[in-house]
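# Topology and contacts: notes
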Amino acid sequence: MISLIHSRNRLLQNKLNELIKQAKDNEKKQELYEAFGFEVIGANSPEELRNLLLSDFVTRFQLKDVVLSFIDRHQDAERLFFGHDEEARINYEKRLLILDIVKDAGVIASFIKEPLLGRAVFEKYCWMMTGLITRDQIKSAAYLPLLRSGRIIGAMLLLSHDGNRFPQGVGTLFLQKLSAMTAIAVENCLNQQRLKEISYQDVLTQVYNRRYFDLRLNDEIARSIRRDDDLTCMFLDVDHFKKINDTYGHQAGDQVLISLVSQIKNQVRACDIVARYGGEEFVVALPATTLQIAHEIAERLRQTASSTMHRVQGRQFQISISIGIANLRSADMFQQRDEQDCNIISTMLLARADKALYRAKASGRNQIAVFTYDTELL
Ligand SMILES: Nc1nc2c(ncn2[C@@H]2O[C@H](COP(=O)(O)OP(=O)(O)OP(=O)(O)O)[C@@H](O)[C@H]2O)c(=O)[nH]1
């Protein structure tokens, strides 16, 4: 009898120990999720957030993969998440799905407001996994909605190779907390980035302003040096712009600038950086572009500008532009090869393009001049 009681006690003790261990494990797991949640909330940019959720999260919580999908109501999320970072786009585009509210209306409608665990996730949200190379190794999944003010802004899938990791019917409180924090962070980061973009934009022409261009040019120079790649810069300036303003009015002058910007944007690539550098002066940075190609682009721009007819109150007029070009591979500049020197190099590159522009103006305008090391060394 006594031995039976002992054996029951032992069983109960073992069960108790197991429950205590489970509670401790859960507490630890919750602490880890919470700590990660605070990091997510603290992310300063969409880029940082993207790396935290799609890389750090996977390694830190031993997941097979994470997929984040985001409903792009302002049609800017892709640009804000990936910017000009082509490498990140290739690495992450299968795991960061940007959903168009019209084109992807069907899949957006499949998002539910409650978390979902177990087999049902595979049945309902397999479309979120289709691009993953790890797809075949995924044995269990959790779906977490991203909600802001009761509205779904996206969803997150946590994917594991362990079939018991996200079973149906277990508590999801800490996952829900994490997804709530993620939703706040995503919205905050995108809003911050939108504000930043506004401060980098020229109000009249909607291209970047000088502040942004100077920052980006440094990045582009560093990248060109790293990849041993080319980079060409051109300054474009409307000829006798003051006379256009004086003759046709300031508003007509504004329209000329807007139309010129649209011509420039139509003739360069998406990766080229177009900015308004001053009043009627624009600058374009052309990564991975030789001097010869840049000259061809400049010639096309010059011809388009001078053959466009502008109309104001029944009167017609044409304009012309002068262009100055300089290249990073100029003998002395590229030799520096040190990313720390990007500031010096960028100042030098712009000064040279400006010097070439000055020569184009001095030689009669409506023409292109290329900075030459021999004759124009600063
Ligand atoms: N309409 C309009 N004019 C502007 C704007 N910003 C600057 N300007 C005018 O652009 C003119 C630039 O004149 P200048 O620097 O003398 O140059 P320019 O008349 O184009 O002569 P060159 O460059 O030597 O061919 C000035 O009259 C400015 O007032 C703007 O946003 N809109």
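Residues numbered from 1 in each chain as written. Predicted model: local features only at pLDDT ≥ 70, side-chain atom pairs only at ≥ 80, totals over all residues. Heavy atoms only, no water.

## Overview of the overall build of the protein chain
Each helix and strand counted, the protein chain has 13 helices and 12 strands in total. For the protein chain, the proportion of its 378 residues judged to be buried stands at 46%. For the protein chain, long-range pairs separated by at least 24 residues make up 67% of all intrachain contacts whose partners lie at least 6 apart in sequence. Roughly 20200 Å² of accessible area belongs to the protein chain as shown, and the carbon and sulfur atoms make up 51% of that amount. (Helix = DSSP H or I, 4+ residues; strand = E, 2+ residues; numbered from the N terminus. Buried < 20%, exposed > 50% of the residue type's maximum accessible area, 1.4 Å probe, protein only. Contact = heavy atoms within 4.5 Å. Areas by Shrake-Rupley, 256 points an atom, 1.4 Å probe, with all protein chains shown as cover.)

## Quick notes on the sheet that holds strand β6 (residues 231-238)
The strands making up a sheet associate through backbone hydrogen bonding, with each pair oriented either parallel or antiparallel. Taken in spatial order, the five strands line up as β7-β8-β6-β11-β12 in an open sheet, and their pairing is mixed. If you trace the sheet from one side to the other, it starts and ends with β7 (273-276) and β12 (368-370), each paired once. When strand polarity is set aside, the average angle formed by the axes of neighbouring strands in this sheet is 15°. Direction of pairing for β6 relative to strand β8 (residues 281-287): antiparallel, over a ladder of seven bridges. Its bridge partner being in β8, threonine 232 is matched across the sheet by leucine 286. The strands touched by helix α10 (residues 250-267) are β6, β7, β8 and β11 (321-327); relative to β8, the strand with the most contacts, the crossing angle is about 10°. Along the sheet, helix α11 (residues 291-307) makes contact with β6, β8, β11 and β12, crossing β11 at roughly 170°. (Pairing = 2+ DSSP bridges. Axes fitted to C-alpha atoms, helices over the stretch in contact; angles between N-to-C directions.)

## A look at the site of the ligand
Lining the immediate environment of the ligand, one finds 17 residues, of which His240, Phe241, Asp254, Arg276 and Lys361 sit closest. Within the side chain of asparagine 245, an N or O atom sits 2.8 Å from a nitrogen atom of the ligand. Glutamate 280 is positioned with one of its side-chain polar atoms (N or O) 3.0 Å from an oxygen atom of the ligand. Calculation on the ligand without its partners gives an accessible area of 670 Å², and the protein chains cover 66% of this total. Here the shell around the ligand gets four residues from one element, more than from any other, and that element is α10. In terms of residue class, the shell around the ligand is built from four nonpolar, five polar and eight charged. (Near = heavy atom within 4 Å. Polar contact = N/O pair within 3.5 Å; in protein donor to acceptor, adjacent residues only side chain to side chain. Nonpolar A, V, L, I, M, F, W, Y, C, P; charged D, E, K, R; others polar.)

## Quick word on the packing of aromatic side chains
As enumerated under the stated definition, the model contains 16 aromatic pairs in all. Each ring, one from phenylalanine 57 and one from phenylalanine 61, has its centre 5.1 Å from the other, and the planes form 80°; the classification is edge-to-face. A residue is classified by how much of its surface remains accessible, and phenylalanine 61, at 7% relative accessible area, is buried. Here phenylalanine 111 and tryptophan 127 contribute two aromatic rings whose centre-to-centre distance is 5.8 Å and whose plane-to-plane angle is 40°, an arrangement assigned as tilted. Separated by 16 residues along the polypeptide, phenylalanine 111 in the loop between α5 (105-109) and β3 (116-117) and tryptophan 127 in the loop between α6 (119-125) and β4 (140-148) bring together distant segments of the chain. Overall, the relative accessible area of 21% leaves tryptophan 127 in the partly exposed class. (Phe/Tyr/Trp six-rings, centres within 6.5 Å; stacked < 30°, edge-to-face > 60°.)

## Notes on the environment of alanine 294
Topologically, alanine 294 is positioned in helix α11. Separated by 76 residues in sequence, alanine 294 and valine 370 have C-alpha atoms that sit 9.9 Å apart. Other than its neighbours up to four places away in sequence, alanine 294 contacts Thr232, Met234, Leu286, Thr289 and Ile325.

## Focus on the side chain of arginine 89
Note on placement: arginine 89 falls in helix α4 (residues 86-92). Residue classification places arginine 89 among the buried residues on the basis of a relative accessible area of 16%. A distance of 2.5 Å separates the side chain of arginine 89 from the side chain of glutamate 78, its partner in a polar contact. Leaving out residues up to four positions away in the same chain, arginine 89 has contacts with Glu78, Phe82 and Gly83.

## Quick word on the confidence of the model for the protein chain
Averaged over the protein chain, the pLDDT score is 91; the fraction of residues at 70 or greater is 96%. Predicted complex metrics record ipTM = 0.96 and pTM = 0.69. (pLDDT = per-residue confidence, 0-100.)

## Re the environment of glycine 324
Residue placement: glycine 324 occurs in strand β11. Note on glycine 324: relative accessible area 0%, which makes it buried. In sequence terms glycine 324 and alanine 369 are 45 residues apart; their C-alpha atoms lie 5.0 Å from each other. When residues no more than four places from it in sequence are discounted, the contact partners of glycine 324 are Cys233, Met234, Phe235, Ala353, Ala356, Leu357 and Ala369.

## Some words on the packing of helix α1 (residues 2-41) against helix α2 (residues 46-60)
Two numbers describe how α1 lies on α2: the axes approach to 10 Å, and their chain directions differ by 160°. The orientation of α1 relative to α2 falls into the category roughly antiparallel. Crossing handedness for the pair α1 and α2: right-handed. Only Leu49, Leu52, Leu53, Asp56, Phe57 and Arg60 of α2 make contact with α1, whose side of the interface consists of Tyr33, Phe36, Glu39 and Val40. Taken together, the residues that form the contact of α1 with α2 break down as seven nonpolar, no polar and three charged. (Parallel < 35°, antiparallel > 145°, perpendicular 65-115°, else oblique. Left-handed = near helix turned anticlockwise from the far one by under 90°.)

## A closer look at the pairing of strand β5 (residues 151-160)
β5 sits mainly inside the fold: nine of its 10 residues count as buried. Examined bridge by bridge, strand β1 (residues 65-72) and β5 share six bridges and lie antiparallel to one another. Its bridge partner lying in β5, valine 66 is registered against leucine 158. Sheet analysis places β4 next to β5, joined by nine bridges and oriented antiparallel. When the bridges of β5 are listed, leucine 144 appears paired with methionine 156. A loop of two residues connects β4 with β5, the two strands running antiparallel in sequence, and serine 149 in this loop sits at a positive phi of about 50°.

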